[in-house]
Amino acid sequence: MRYLTAGESHGSCLTAIVEGVPAGLKISESQINTDLARRQSGYGRGGRQKIEHDVVQVVSGVRFGRTTGAPVALIVRNRDWENWEERMAPFGGPPSDLKREVTPRPGHADLVGALKTDTDDCRNILERASARETAARVAAAGIAREFLADLGVEVFSYVTSIGDARFEEDDPLMRAPDYKPLAIETSEVRCPDEAATEAMKAAIDRAKEAGESLGGTFRVVATGLVPGVGGYATAGDRLTSRIGGALFSIPAVKGVEFGLGFEAARRPGSRVHDPIGLDPQAGFVRASNNAGGLEGGMTTGMPLIVTVAMKPIPTLMTPLSTVNLDTLEAEEASKERSDTCAVPACAVVAESEVAFVLAEAYLEKFGRDAMVDIKAALRAYRQRLKTMAR
Ligand SMILES: Cc1cc2nc3c(=O)[nH]c(=O)nc-3n(C[C@H](O)[C@H](O)[C@H](O)COP(=O)(O)O)c2cc1C
């Protein structure tokens with residue numbers, strides 16, 4: 001299952017095409033819209049989210065609520081398009097009062113993109129480098145999420161820090177999978193702890209006041225996985241590399257840790273690896289989950305737990321210095337309407353990326369054509385694992 005997106009931040013719409021979708025999967029537009037709303041929410045987001053109210057339109061590959069096996073095409077319209085029609089027109093000439101973007105923002109794609117593509121208007125770059133594109137990813141991932149949910153796999157996320165405000169967790173690698181979804185979804189920063197939520201909001205308020213921006217960290221958790229999904233045999237099989245690559249495809253993501261992550265490099269092996277046991281009911285079990293649910297590039301059957309670091313937003317209301325591409329003089333970088341902090345939104349996008357990788361790995365292992373066959377293959381596999389543990 002793969003997706004491709006198209007569309008500019010202020011173009012008429014964002015489009016996604018998902019291919020490799022098996023037939024017979026129930027799809028709900030309202031579920032996708034819920035995920036789109038979750039991506040749009042979060043304390044510290046900018047004015048754009050007040051304009052947009054993302055709603056998906058599924059235009060192919062689904063009939064009477066179920067997938068047919070054909071590629072699924074989805075559209076999310078940009079409400080702001082009505083204010084940008086002339087400036088973003090696909091054809092015709094630019095309006096006489098067009099203001100080109102010539103003061104590239106440090107930390108964004110503006111300068112390098114303009115150099116690379118030989119344009120004198122950074123808007124050609126920022127329209128696509130803008131994380132508005134991630135709305136299309138979240139919509140597309142609705143298909144992957146429904147597929148996984150049908151197989152008993154849930155993917156969720158929560159925020160662990162914003163700036164220097166942290167959620168101090170007790171044994172998160174064992175306890176995080178049981179965090180209450182309601183506590184996460186009702187927190188304005190997607191953090192299940194009330195005190196930490198307030199500290200994170202206060203940090204965002206301080207940053208906003210100072211014309212600053214903030215990054216942070218969050219975890220993505222997937223539960224209900226069977227062992228043996230992914231592969232150890234070739235570099236491209238390893239879920240570690242596939243999930244890592246998918247997460248690093250998200251704008252502003254600068255770090256990914258599996259399980260204990262960098263902490264594992266500081267500990268001796270006996271305090272890192274997860275002892276194997278045998279339970280009469282559950283079969284092979286693990287005493288801990290320091291690996292974060294992956295060994296040898298495959299799922300262990302324990303929850304997948306990945307921690308992700310997002311850098312601060314590049315657009316600053318107290319801008320850094322840059323060079324004007326027209327005058328070649330020093331100037332302040334531009335102030336495109338912007339978020340102060342988008343860590344909670346980034347966490348929702350990260351759920352989507354993880355869901356896509358897991359969905360593709362399940363399809364590889366259990367078949368690709370029809371849900372009924374995939375479910376039967378999964379049942380047979382679970383049964384075989386049981387007999388191996390007896
Ligand atoms: C959900 C989300 C929202 C973002 N919102 C903004 C924003 O409002 N303003 C901004 O300058 N960057 C924003 N970013 C970050 C930029 O898109 C990103 O830093 C830029 O594309 C450069 O890519 P890089 O940081 O990976 O080098 C956002 C990123 C994500 C994931």
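An unreviewed UniProt entry annotates the chain as Chorismate synthase of Rubneribacter badeniensis. Under the Catalytic activity (unreviewed entry) heading, UniProt states for the chain: "5-O-(1-carboxyvinyl)-3-phosphoshikimate = chorismate + phosphate". As its UniProt record puts it under Pathway (unreviewed entry), the chain is described as follows: "Metabolic intermediate biosynthesis; chorismate biosynthesis; chorismate from D-erythrose 4-phosphate and phosphoenolpyruvate: step 7/7."

Observations regarding the sheet that holds strand β6 (residues 72-77)
The strand order across the open sheet built from four strands is β1-β2-β6-β3, with neighbouring strands paired in antiparallel fashion. Each edge of the sheet is formed by a strand with only one pairing partner; in this case those strands are β1 (2-6) and β3 (56-60). Direction aside, the axes of adjacent strands within the sheet are offset by 20° on average. In this sheet, strand β2 (residues 13-19) lies alongside β1 in antiparallel orientation, the contact comprising five bridges. Across the sheet, residue Leu 4 finds its bridge partner in β2, namely Ile 17. Contacts from helix α1 (residues 29-40) reach β3 and β6, with the element oriented near 135° to β3.

Notes on the site of the ligand
Residues in contact with the ligand amount to 20 residues; listed here are only the nearest, Ala 252, Lys 311, Thr 315, Ser 338 and Asp 339. Take Ser 338: an N or O atom from its side chain is 2.9 Å from a nitrogen atom of the ligand. Protein contacts shield 87% of the accessible area of the ligand, which totals 630 Å² for the unbound molecule. By residue class, the composition of the shell around the ligand is eleven nonpolar, four polar and five charged.

Here we look at the nonpolar core
By size, the foremost hydrophobic cluster in this structure holds 91 residues, and its most contacted members are Met 1, Phe 147, Ile 243 and Tyr 362. No other element matches helix α10 (residues 343-366), which puts 16 residues into this core. If we skip the residues at most four places from it in the chain, Ile 243 touches Phe 258, Leu 294, Leu 304, Val 306, Val 354 and Val 357.

Structural notes on the environment of Ala 135
Inspection of the secondary structure assignment puts Ala 135 in helix α5 (residues 134-150). Linking Ala 135 and Gly 224, residues 89 residues apart in sequence, is a C-alpha distance of 26 Å. Among residues more than four places away in sequence, those in contact with Ala 135 are Leu 14, Leu 36, Arg 39 and Asp 54.

Points about the packing of α10 against helix α11 (residues 371-388)
α11 packs onto α10 with a crossing angle of 80° between their chain directions and a minimal axis gap of 9 Å. The orientation of α10 relative to α11 falls into the category roughly perpendicular. Where α10 approaches α11, its residues Tyr 362, Leu 363, Lys 365 and Phe 366 are matched on the opposing element by Asp 373, Ile 374, Ala 377, Leu 378 and Tyr 381. Along the lines of polarity and charge, the residues of the contact of α10 with α11 split into seven nonpolar, no polar and two charged.

Topic: a negative patch on the surface
A grouping of Glu 82, Glu 85, Glu 86 and Asp 97 is seen on the molecular surface, where their side chains present a negatively charged patch. Residue position: Glu 85 is located in the loop between β6 and α3 (110-117).

Focus: the packing of aromatic side chains
Under the defined criterion, the tally for this structure stands at six aromatic pairs. Look at Phe 167 and Tyr 179: their rings are 6.0 Å apart centre to centre, the planes differ by 45°, and that puts the pair in the tilted class. With Phe 167 in the loop between β8 (165-166) and α6 (172-175) and Tyr 179 in the loop between α6 and α7 (181-185), this pair connects stretches of sequence that are twelve residues apart. Neither Phe 167 nor Tyr 179 differs from the other in exposure class; each is buried. Measuring from ring centre to ring centre gives 5.6 Å for Tyr 362 and Phe 366, while their planes differ by 45°; the resulting arrangement is tilted. Pair noted here: Tyr 362 and Phe 366 are both in helix α10, with a separation of four residues, about one helical turn.

Concerning unusual backbone geometry
At Phe 64, a residue that is not glycine, the phi angle is positive and equals roughly 50°. A positive phi angle, close to 60°, is found at Asp 118, a residue other than glycine. Residue position: Asp 118 is located in the loop between α3 and α4 (123-129).

Observations concerning the UniProt feature "binding site: FMN" (unreviewed entry) in the chain
UniProt's feature table lists "binding site: FMN" (unreviewed entry) at Arg 128, Ala 129, Ser 130, Gly 296, Lys 311, Pro 312, Ile 313, Pro 314, Thr 315 and Arg 337, given in the numbering used throughout. With the annotated positions falling across 210 residues, the maximum pairwise C-alpha distance of 43.7 Å shows that they are not confined to a single cluster. When you line up the elements, Arg 128 lands in helix α4. Contact partners of Arg 128, with chain neighbours within four places excluded, come to Thr 5, Ala 6, Gly 7 and Glu 133. From its side chain, Arg 128 meets the backbone oxygen of Gly 7 in a polar contact 2.8 Å long. Along the chain, the position of Ser 130 falls in the loop between α4 and α5.

Digging into the pairing of strand β15 (residues 304-310)
Buried residues dominate β15, accounting for six of its seven residues. Pairing between strand β9 (residues 216-223) and β15: seven bridges, direction antiparallel. The partner of Thr 217 across the bridge, within β15, is Ala 309. Summarising the sheet, strand β10 (residues 253-258) and β15 pair through five bridges and their orientation is antiparallel. Across the sheet, the residue bridging to Phe 258 is Val 306, located in β15.

The rules behind each value
Residues numbered from 1 in each chain as written. Predicted model: local features only at pLDDT ≥ 70, side-chain atom pairs only at ≥ 80, totals over all residues. Heavy atoms only, no water. UniProt positions renumbered as here; feature names shortened; annotations may be inferred. Pairing = 2+ DSSP bridges. Helix = DSSP H or I, 4+ residues; strand = E, 2+ residues; numbered from the N terminus. Axes fitted to C-alpha atoms, helices over the stretch in contact; angles between N-to-C directions. Contact = heavy atoms within 4.5 Å. Near = heavy atom within 4 Å. Polar contact = N/O pair within 3.5 Å; in protein donor to acceptor, adjacent residues only side chain to side chain. Areas by Shrake-Rupley, 256 points an atom, 1.4 Å probe, with all protein chains shown as cover. Nonpolar A, V, L, I, M, F, W, Y, C, P; charged D, E, K, R; others polar. Core = buried A, V, L, I, M, F, W, Y, C linked by side-chain atoms within 4.5 Å. Buried < 20%, exposed > 50% of the residue type's maximum accessible area, 1.4 Å probe, protein only. Parallel < 35°, antiparallel > 145°, perpendicular 65-115°, else oblique. Patch = residues over 30% accessible without salt bridge, like charges linked within 9 Å, V, L, I, M, F, W, Y side chains within 5 Å. Salt bridge = Lys/Arg side-chain N within 4 Å of Asp/Glu carboxyl O. Lys, Arg positive; Asp, Glu negative; His and termini not counted. Charge placed at Lys NZ, Arg CZ, Asp CG, Glu CD. Phe/Tyr/Trp six-rings, centres within 6.5 Å; stacked < 30°, edge-to-face > 60°.

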